[in-house]
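The primary structure of each chain is shown beneath.
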Amino acid sequence: MKHEFQQLSPHILIMHAEHETDRPILAAITGERRTLLMDAGNSPAHAELFRQEMAKRGMRQPELIVLTHWHWDHSFGMSAWKVPVIAHEGTAEVLGSLAGRSWSDDDLEELVLTGTLSEESAQHIRLEYGDNRNITVVKPDIVFTESINVDLGGVTCELSHVGGDHSADSCILHVKEDNVLFLGDALGPSVYGGPRQYSSTGFLNLLGLAYGYNAQWVVESHGVPMSTAEFRADLAPWERLARIVDVFGHNRERVVKELKDYLKLQELPADLLQGVEYFLAGSK
Ligand SMILES: [Zn+2]
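Reading guide: rules and limits
Residues numbered from 1 in each chain as written. Predicted model: local features only at pLDDT ≥ 70, side-chain atom pairs only at ≥ 80, totals over all residues. Heavy atoms only, no water. Pairing = 2+ DSSP bridges. Helix = DSSP H or I, 4+ residues; strand = E, 2+ residues; numbered from the N terminus. Axes fitted to C-alpha atoms, helices over the stretch in contact; angles between N-to-C directions. Salt bridge = Lys/Arg side-chain N within 4 Å of Asp/Glu carboxyl O. Buried < 20%, exposed > 50% of the residue type's maximum accessible area, 1.4 Å probe, protein only. Donors = N, O, S within 2.8 Å, 3.2 Å for Na, K, Ca; no water. Tetrahedral: all angles 85-135°; square planar, octahedral: opposite > 155°, others 65-115°. Domains from an automatic or database assignment. Contact = heavy atoms within 4.5 Å. Buried area = accessible area lost by both parts, 1.4 Å probe. Polar contact = N/O pair within 3.5 Å; in protein donor to acceptor, adjacent residues only side chain to side chain. Phe/Tyr/Trp six-rings, centres within 6.5 Å; stacked < 30°, edge-to-face > 60°. Core = buried A, V, L, I, M, F, W, Y, C linked by side-chain atoms within 4.5 Å.

### A closer look at the sheet that holds strand 3 (residues 26-30)
Then, number 1: Pairing is mixed in the open sheet, where 7 strands are placed in the order 1-2-3-4-5-6-7. Each of the sheet's edge strands pairs with one partner strand only, and the pair in question is strand 1 (5-9) and strand 7 (142-144). When the angles between neighbouring strand axes are averaged without regard to direction, this sheet yields 25 degrees.
Then, number 2: Across 4 bridges, strand 3 lies against strand 4 (residues 35-38) in antiparallel orientation. Bridging from a neighbouring strand, A28 pairs with L37 of strand 4.

Structural data, given as structure tokens:
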């Protein structure tokens with residue numbers, strides 16, 4: 001798999017996302033004293049590619065990891081780095097409960113049946129690891145409840161718990177001096193344990209929070225970095241949809257009509273039509 005790398009800001013190198021096996025963005029944040037890694041990668045192979053790139057650039061390797069949430073694609077690379085991991089208590093709890101599993105086909109099937117994983121994630125795990133699934137899930141070393149600051153030497157990172165539909169343990173990471181905001185998957189819909197859904201109120205709260213940083217770059221883990229202006233423009237239809245659902249709740253026809261009128265479109269694009277279903281499911 002070919003990954004692209006980007007020096008996003010003076011202290012941040014990112015490895016872009018790869019959708020084939022659901023590899024999220026990883027970021028190395030480098031201060032005068034330490035390097036911090038945001039998210040561990042979805043596998044040791046994923047982690048190794050970033051490690052090699054940092055070595056090639058003569059960068060200090062990560063000495064600490066922060067996790068944005070427990071999901072496999074963000075955490076299963078942990079064992080490869082052999083450094084302390086900082087995570088929200090909810091993240092630690094789930095990862096602790098997943099340690100010691102076999103990750104065989106039967107095991108994956110059971111995790112899908114119990115709603116711990118989705119079929120889509122199980123499929124991505126099979127693709128990323130092949131048949132010989134040597135997966136070691138590790139429990140994080142340092143656990144926090146609301147937020148935690150990490151001083152890397154002239155560069156300060158604040159990891160804050162925000163929760164939301166996607167995963168109750170979701171955190172966002174703000175690199176203060178570079179004013180870069182990593183949102184993890186916090187703005188995504190729920191993905192495990194039933195049909196995907198969004199709660200309009202929760203979504204709008206998170207959006208307001210993200211806009212409030214007025215960040216130089218806003219980074220969603222499975223997307224591409226955007227300026228705050230680009231991010232606002234990108235999210236505008238979704239913000240509007242959430243507001244419409246807040247008012248017209250269960251009336252699908254009305255929700256679709258209001259959104260079409262706002263966007264001045266005859267038909268809604270596929271992603272927004274799907275969004276309507278997620279928000280309606282979340283408003284029940
Ligand atoms: Zn996720």
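### Some details on the pattern of salt bridges
Side-chain pairing between opposite charges can occur once the charged atoms of the two side chains come close.
Then, number 1: Tallying each qualifying case throughout the model produces 17 salt bridges.
Then, number 2: We note a salt bridge from R101 to D107, for which the minimum N-O separation is 2.7 Å.
Then, number 3: A residue is classified by how much of its surface remains accessible, and R101, at 24% relative accessible area, is partly exposed.
Then, number 4: Residues E258 and R254 are paired through a salt bridge, measuring 2.9 Å at the closest nitrogen-oxygen approach. Pair noted here: E258 and R254 are both in helix 9 (residues 252-263), with a separation of 4 residues, about one helical turn.

### Quick notes on the coordination of the zinc ion
Then, number 1: The protein atoms that coordinate the zinc ion are H69 (NE2), H71 (ND1), H166 (NE2) and D185 (OD), at distances spanning 2.1 to 2.3 Å.
Then, number 2: For the zinc ion, the 4 donor atoms in the first shell make angles of 89 to 179 degrees at the metal, so the coordination geometry reads as irregular.
Then, number 3: Donor residues for the zinc ion, ordered by position in the chain, follow H-x1-H-x94-H-x18-D. Taken together, the positions of H166 in the loop between strand 9 (156-161) and strand 10 (171-175) and D185 in the loop between strand 11 (180-184) and helix 7 (200-212) put the pair 19 residues apart, joining distant regions of the chain.
Then, number 4: H166 gets classed as buried once you look at its relative accessible area, which sits at 10%.
Then, number 5: Residue classification places D185 among the buried positions, given a relative accessible area of 9%.

### Quick notes on the domain arrangement of the chain
Then, number 1: The domain boundaries assigned to the chain delineate domain 1 (5-226) and domain 2 (228-284).
Then, number 2: Taking only C-alpha atoms into account, the centre of domain 1 sits 28 Å from that of domain 2.
Then, number 3: Tallying the contact residues gives 21 residues for domain 1 and 17 residues for domain 2.
Then, number 4: For the pair domain 1 and domain 2, the summed buried area comes to about 1,700 Å², and 68% of that belongs to carbon and sulfur atoms.
Then, number 5: When the buried area of domain 1 at its contact with domain 2 is split by residue, Y198, Y211 and M226 rank highest and sum to 39% of it.
Then, number 6: Linking domain 1 with domain 2 are 0 salt bridges.
Then, number 7: The interface formed by domain 1 and domain 2 contains 4 residue pairs in polar contact (both at pLDDT 80 or more).

### Focus: the packing of aromatic side chains
Then, number 1: Tallied over the full model, the rule gives 10 aromatic pairs.
Then, number 2: Ring centres 6.1 Å apart and planes at 70 degrees place the aromatic pair W72 and F76 in the edge-to-face group. You'll find W72 and F76 in the same group, each marked buried.
Then, number 3: Note on Y198 and F279: the rings are 4.6 Å apart at their centroids and 20 degrees apart in plane angle, and the pair reads as stacked. Separated by 81 residues along the polypeptide, Y198 in the loop between strand 11 and helix 7 and F279 in helix 10 (residues 270-282) bring together distant segments of the chain. No difference in accessibility class separates Y198 from F279, as the two residues are buried.

### Describing the sheet that holds strand 10
Then, number 1: Here we have 5 strands laid out as an open sheet, ordered 8-9-10-11-12, and mixed in their pairing. Each end of this open sheet is capped by a strand with a single partner; those strands are strand 8 (147-151) and strand 12 (217-220). Adjacent strand axes in the sheet meet at a mean angle of 15 degrees, parallel and antiparallel pairs treated alike.
Then, number 2: One ladder, built from 5 bridges, connects strand 9 with strand 10; its direction is antiparallel. Within strand 10, the position partnered with S160 by the bridge is I172.

### As for the nonpolar core
Then, number 1: In this structure, F50, W81 and W103 are the most contacted members of the largest nonpolar core, which totals 33 residues.
Then, number 2: Of all the secondary structure elements, the ones that give two or more residues to this core are strand 2 (12-15), strand 3, helix 1 (44-56), helix 3 (78-81), strand 6 (85-88), helix 4 (89-98), helix 5 (105-113) and helix 6 (119-129).
Then, number 3: Apart from the residues lying within four places of it in its own chain, the contact partners of W103 are F76, L98, L108, L111, L117, R133, I135 and V137.
Then, number 4: Grouped together as the second largest cluster of nonpolar side chains are 31 residues, Y198, L204, A210 and V255 included.

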